[in-house]
Amino acid sequence: MTISEQPSKINSTEWITDSNEKFAISIRIKGERLFHEVSEFQTVEVFDTQDRGKMLTIDRMVMCTEADEAAYHEMIVHVPMLAYPGVKDVLVIGAGDGGTIRELVRHPGIERITMVEIDEAVVRASKQFLPTISSALEHPKLNLLIDDGIKFVQNAGDNSYDLVIIDSSDPVGPSEGLFTKSFYEDVYRTLRPGGIVTVQSESPIFHQKAFVDLNQCLKQVFGVDSVHCYLVFIPMYPTGMWSLTYCSKQGVHPVQNLDREKAVQFVKEHDLRYYNADIHQAAFALPGFIHKMIGSN
């Protein structure tokens, strides 16, 4: 059942809090709640904030704000794309806000993008209220499917994609199955030899257990030497420190294979807000406590 509401007045002193009962971040909102829908899967909302622009939340967990979304979307896309330039076919799981697609279409060598988002309400809310993020959701290279990403990958052909991006929310509700070994075994199978997957892999502080468990899961599927955690800093996510993970199917190293000259030119051409060649390299330099958590050197 889907329940929709018209925009409603909210006290301008109200705060939206994203919490795990140990850590929390609160964002002050203003004016009306712009979108509210209880879909079959989750509660989707869009708010206007005091200084972070419009904000998308799912079950009151912050997905993105207009002011800070570039860090996440640029890093989940341009790190693999500038390390592995031969990408033609891309599969994206999740990404209903559209930011990942916006960054992918900056790369002219990509021929086809298949995006599988389980909740149409997320796409609709983003198209209506987050146009700067969702601007590429009508792009001719994109095949947008409202479907279950887990089942889609189970049924996908072997060696079908050069790049798979798992742009998921936290491991609860419909995203829970995106954090399992069986799912990543299917992802591995769908990748072509040399192919890459990048994964939203949670915060080493805010979701420590999920972060560690997913890292170990990926190493079991891809092999220890083919899994590389990297960090991105997003002020509107609890603790600010978030992780992404780059995995390859007997493919290239994310730092050693970086063409710095090409990356510098790409950043200049597209006026990127967060990603650059130095950040690409530095993001893989992990603090000591994270090395200990995931057993890396």
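These figures come from a predicted structure and were not determined experimentally.

**Q** Is there a simple way to think about the nonpolar core in this case?
**A** In a soluble, globular protein the nonpolar side chains are often hidden away together inside. Residues V92, I101, L104 and Y275 are the most contacted members of the largest nonpolar core, which totals 51 residues. Here the element with the most residues in this core is helix α1 (residues 69–83); it accounts for nine residues. The contacts of I101, once residues within four sequence positions are left out, are V92, I113, M115, A136, L137 and L142. I150, V187, V199 and C247 belong to the second largest nonpolar core, which has 24 residues in total.

**Q** What exactly am I supposed to notice about the environment of C217 here?
**A** Topologically, C217 is positioned in helix α6 (residues 208–222). Since its relative accessible area comes to 8%, C217 is described here as buried. Spatially, the C-alpha atoms of C217 and Y184 are 8.1 Å apart, while their sequence positions differ by 33 residues. Excluding residues within four positions of it along the chain, C217 makes contact with T180, K181 and Y184.

**Q** Looking at this structure, how should I read the packing of aromatic side chains?
**A** Note on aromatic pairs: each is described by the distance of the centres and the angle between the planes. For the coordinates displayed, the defined rule picks out seven aromatic pairs. For the pair F206 and W242, a centre-to-centre distance of 6.3 Å together with 40° between the ring planes defines the contact as tilted. Taken together, the residues span a long stretch of sequence, with F206 in the loop between β12 (191–200) and α6 and W242 in strand β14 (residues 241–248) at a distance of 36 residues. With respect to class, F206 is no different from W242; both count as buried. One aromatic cluster in this structure is built from Y72, F206, Y237 and W242. Here K249 stacks its cationic end above the ring of Y188, 4.8 Å away from the centre of that ring.

**Q** Got a minute to help me understand unusual backbone geometry in this structure?
**A** Trans is the common state for peptide bonds, and a negative phi is the common state for residues other than glycine. In this structure, D59 takes a positive phi of about 50° despite not being glycine. Classification of D59 as partly exposed rests on a relative accessible area of 40%. Unusually for a residue other than glycine, R60 sits at a positive phi of about 65°.

**Q** Can you walk me through helix α7 (residues 260–270) in this structure?
**A** Within an α-helix, residues lying three or four positions from one another point in the same direction, as the helix has 3.6 residues per turn. Looking at α7, one finds that the buried residues are A263, F266, V267 and H270. Seen from one end, α7 has its buried residues packed into an arc of 95°, which puts them on one side. Of the exposed residues in α7, those oriented more than 90 degrees away from the buried face are E261, K268 and E269. Close packing links the buried residues of α7 with α1 and α8 (277–282).

What counts and what doesn't
Residues numbered from 1 in each chain as written. Predicted model: local features only at pLDDT ≥ 70, side-chain atom pairs only at ≥ 80, totals over all residues. Heavy atoms only, no water. Core = buried A, V, L, I, M, F, W, Y, C linked by side-chain atoms within 4.5 Å. Buried < 20%, exposed > 50% of the residue type's maximum accessible area, 1.4 Å probe, protein only. Helix = DSSP H or I, 4+ residues; strand = E, 2+ residues; numbered from the N terminus. Contact = heavy atoms within 4.5 Å. Phe/Tyr/Trp six-rings, centres within 6.5 Å; stacked < 30°, edge-to-face > 60°. Lys NZ or Arg CZ within 6 Å of the ring centre and 35° of its normal. Arc of directions from axis to C-beta.

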